[in-house]
Amino acid sequence: MIDQYRAVFDALPTDGVPEWLRPVRQTGLDRFMAAGFPTSRDEEWRFTPLGDMTRTPFAPAGPPRAPVSQADLEPYRFGHPEWPALVFVNGAFAPELSQTADLPEGVMATSLARALMTDPELVEPHLGKHLGADATPFAALNTAFIRDGAYVRVPAGRTLASPINLVFVTSADADGAMTHPRNLIVVEDGARLSLVESYVGLGESAASFTNTVTEVTLGQQSWLEHTRIQRESEAAYHIGFSHVHQVRESHYRSFSMSMGGRVSRHNLHTRLDAPNTEALLYGLSIGHGEQLVDNHTTIYHDKPNCRSWEVYKAILDDHSRGVFNGKVFVTPEAQQTDAKQTNRTLLLSDTARVDTKPQLEIFADDVKCTHGATVGYLDDLPHFYLRSRGIEPERATQILTYAFAAEVMDEVAVDPVRHELDQVVRTRLGIMDRI
Amino acid sequence: MLEIKNLCASIGPGEPNILKGISLTVNPGEVHAIMGPNGSGKSTLAQVLAGHPAYTVTGGEVRFEGEDLLDMEPEERALAGVFLAFQYPVEIPGITNAYFLRAAYNELRKGRGEEELDPMDFLDILEEKLKIVKWGPEMMQRAVNHGFSGGEKKRNEILQMAVLEPKLAILDETDSGLDIDALRIVADGVNALKRPDRATILVTHYQRLLNHIVPDQVHVLFDGRLVRSGGKELALELEAKGYEWLSEVAEEVVA
Ligand SMILES: Nc1ncnc2c1ncn2[C@@H]1O[C@H](COP(=O)(O)OP(=O)(O)O)[C@@H](O)[C@H]1O
Ligand SMILES: [Mg+2]
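Not measured: the values here are computed from a predicted model. (Residues numbered from 1 in each chain as written. Chains lettered and ligands numbered in written order. Predicted model: local features only at pLDDT ≥ 70, side-chain atom pairs only at ≥ 80, totals over all residues. Heavy atoms only, no water.)

### A short note on the coordination of the magnesium ion (ligand 2)
Residues and elements named next belong to chain B. Note on the magnesium ion (ligand 2): its protein donors are Ser-43 (OG) and Gln-87 (OE1). The metal-donor distances range over 2.1 to 2.2 Å. Of the two residues, Ser-43 sits in helix α1 (residues 42-50) while Gln-87 sits in the loop between β6 (82-85) and β7 (92-96), which places them 44 residues apart along the sequence. A relative accessible area of 17% means that Gln-87 is categorised as buried. (Donors = N, O, S within 2.8 Å, 3.2 Å for Na, K, Ca; no water. Helix = DSSP H or I, 4+ residues; strand = E, 2+ residues; numbered from the N terminus. Buried < 20%, exposed > 50% of the residue type's maximum accessible area, 1.4 Å probe, protein only.)

### Description of the sheet that holds strand β1 (residues 2-10) of chain B
Residues and elements named next belong to chain B. As summarised here, the arrangement of the four strands in space is β2-β1-β4-β5, forming an open sheet in which the pairing is antiparallel. Both outer strands of the open sheet, β2 (19-26) and β5 (67-68), are each paired with one neighbouring strand and no more. With six bridges joining them, β1 and β2 adopt antiparallel strand pairing. When the bridges of β2 are listed, Leu-2 appears paired with Val-26. Packed on one face of the sheet, α1 meets β1, β2 and β4 (56-64) and runs near 110 degrees to β1. (Pairing = 2+ DSSP bridges. Contact = heavy atoms within 4.5 Å. Axes fitted to C-alpha atoms, helices over the stretch in contact; angles between N-to-C directions.)

### Here we look at a negative patch on the surface
Judged by side-chain charge, Glu-392 and Glu-394 of chain A together with Glu-67, Asp-68, Asp-71 and Glu-76 of chain B come together as a negatively charged surface patch. Within the secondary structure, Glu-392 of chain A is located in the loop between α8 (380-387) and α9 (393-409). You can call Glu-392 of chain A partly exposed: its relative accessible area is 44%. (Patch = residues over 30% accessible without salt bridge, like charges linked within 9 Å, V, L, I, M, F, W, Y side chains within 5 Å. Areas by Shrake-Rupley, 256 points an atom, 1.4 Å probe, with all protein chains shown as cover. Salt bridge = Lys/Arg side-chain N within 4 Å of Asp/Glu carboxyl O. Lys, Arg positive; Asp, Glu negative; His and termini not counted. Charge placed at Lys NZ, Arg CZ, Asp CG, Glu CD.)

### So, the site of ligand 1
All names here are of chain B. Near ligand 1 you find Ile-11, Ile-18, Pro-37, Asn-38, Gly-39, Ser-40, Gly-41, Lys-42, Ser-43, Thr-44 and Tyr-55, and these make up its full shell. Expressed as a share of its isolated accessible area of 550 Å², the protein-covered part of ligand 1 is 59%. Split into classes, the residues belonging to the shell around ligand 1 amount to four nonpolar, six polar and one charged. (Near = heavy atom within 4 Å. Nonpolar A, V, L, I, M, F, W, Y, C, P; charged D, E, K, R; others polar.)

### Observations regarding the sheet that holds strand β11 (residues 217-222) of chain B
Residue and element names in this part refer to chain B. Spatially, β6-β9-β10-β3-β11-β12 is the arrangement adopted by the six strands of the open sheet, whose pairing is mixed. Each having just a single partner strand, β6 and β12 (225-230) make up the two edges of the open sheet. If you compare each strand with its neighbour and ignore which way they point, the axes differ by 20 degrees on average. Both β6 and strand β9 (residues 168-172) contribute to a ladder of four bridges, which runs parallel. Of the residues in β9, the one forming a bridge with Leu-84 is Ile-170. This element, helix α5 (residues 150-164), spans β6 and β9 of the sheet and lies at about 165 degrees to β6.

### Topic: the interface of chain B and chain A
The partner chain A presents 22 residues to the 31 residues of chain B that form the contact. Of the roughly 2,200 Å² buried between chain B and chain A on both sides combined, carbon and sulfur atoms contribute 67%. Remark: the boundary between chain B and chain A carries three salt bridges. Applying the counting rule to chain B against chain A returns nine residue pairs in polar contact (both at pLDDT 80 or more). In terms of residue count, helix α3 (residues 97-111) of chain B provides more of the side of chain B that touches chain A than any other element does, six residues in total. (Buried area = accessible area lost by both parts, 1.4 Å probe. Polar contact = N/O pair within 3.5 Å; in protein donor to acceptor, adjacent residues only side chain to side chain.)

### Let's talk about unusual backbone geometry
Residue and element names in this part refer to chain A. Unlike most non-glycine residues, Asn-305 shows phi in positive territory, near 60 degrees. On the secondary structure map, Asn-305 appears in the loop between β16 (292-301) and β17 (307-316). Positive phi values are uncommon outside glycine, yet Gln-336 reaches one of about 60 degrees. Here Gln-336 lies in the loop between β18 (321-330) and β19 (338-347). What makes Gln-336 partly exposed here is its relative accessible area of 42%.

Set out below in structure tokens:
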């Protein structure tokens, strides 16, 4: 089955592809062909049912039959129309749906394909450079197909007033089609950015396949809030890999929200590659029906005096399944590491289930590393408390479910992003009024 | 208003009764105090009246304004006008006090066939009620009881009561652990609500609350039974003598 991917690779257009990128792609393909798709025998993929996906002959997505309009995207609008936005439809940059008019001088937000043509010397030092041996076979496959995606660069010392939206749209007729968006985010020394990376599916039932990789590199004393929202069609397969490389005194905070897809998997890896670096990873997964929502995170504490703080939550209803795996590696050199990991799952039905696994590998002796996981149903007491104040049981359940989510959403630092996220979650949970 | 007849309750089928036949009548306009040692069943009685699902009623009946209270769901009881101030108010991280109060208030309005209030209109009402507990609006943006001190939690219960204006308020040890100023606030809150068509049941351990709220009747609960009833002087007698002498009284009652 994987041979079809070699055929797709061989058919890739090579025009506009810089010389240096060809071996990068080739290495990606070779790695993928050597590894093949993971199976449930791979420890890393034990709980992620990929069988149906790997047996489907996905074809590279083409343009949708009817062009996607601004109105089609309205329900998925995140934030204000004035926020800079790069929109991609079925993997291809859609300038007519994008908005990059008022970017401050020196800030670049464009498609990777364009940046490769106009500023290859800015792209080359980063593209594919930080993704290490930990890259999954899917990430390798994405590298083989590097073609388009988002490129954002905030030069040293710049702060963006409003968040940048990256929107990856799968059209309603993309059943059986695949996209491999490749994104590169460069936040230079002392720069600050709020980035919202969204994956949306316009169809209810398109069994599409999105295989995306986002590389982030953070300069000294830079600051990035990276919000990722995955709301693809509930028949879709979504595999995402985010890799963050951090140097001295940089601050990375991520909020990863997964609520779409039949099967979705997001790997978030961050490497704290210099002292006094900080990474805060928050996550919220909401599953229902037959959905499987999988989050794997890896934090590399390579250097001393770094802090990581991680809270991932899941709300699982019906027959949905959650997977969480949180790895923390602390090298012998990384003394004074402060790492805390929390994973909490709320089960709304007795047929939902979660597999959760912390994995701490600590080789330094003077560190503070903790982890904790809880799985449970809503507590009876708060439920009764709400009912005793006149609130109906179904509504009480909704409010308490929202409260469980709100506790982690509250950690989003940029106010308008948090408000928008709150709206998305309330809509998903069926709570229409503002809480 | 409230008629309790021979009420028996346990924590589940087959479990021994905690309430062993309680009878009590509360008329509109009255304040009743229920006193008794720890573990005598005061909270159980309060929770059974509010409809806590952990308890099973094993006998007797309760009528509220002629209706079968025990047949009503907890939220129906609230809409009918029954309010319980919890001995241990529940923390709800993630939900602001403002939202919680408005949600509860709007349920009552819906129940009365009135339109729901939006956050702005509700704020006007809330501002008045906040004066009763001497709070500023900043407490409204905090999560419900989350990280509140013991005293703040009790005040929050009084605030909820003031907003919801129940016909029958049951206060379960709302005075426990309060300093004298906070006690005053609780007492003022109860007195502010007083009207000829409303009634209050004060569950308390100490007589000092009754210096601020004068009860019409005082009842003593001991081992699941009301073993004595009397006027407010009974509270003073309990204060002076303690609860030990009651075990003999209780034996007489059982016999
Ligand atoms: N939910 C419960 N589970 C187990 N025992 C309970 C429960 N509620 C009450 N009890 C028991 O019933 C008795 C009365 O408790 P309670 O009503 O809380 O007394 P009080 O409020 O007068 O101190 C105690 O022995 C207590 O342990
Ligand atoms: Mg009690």
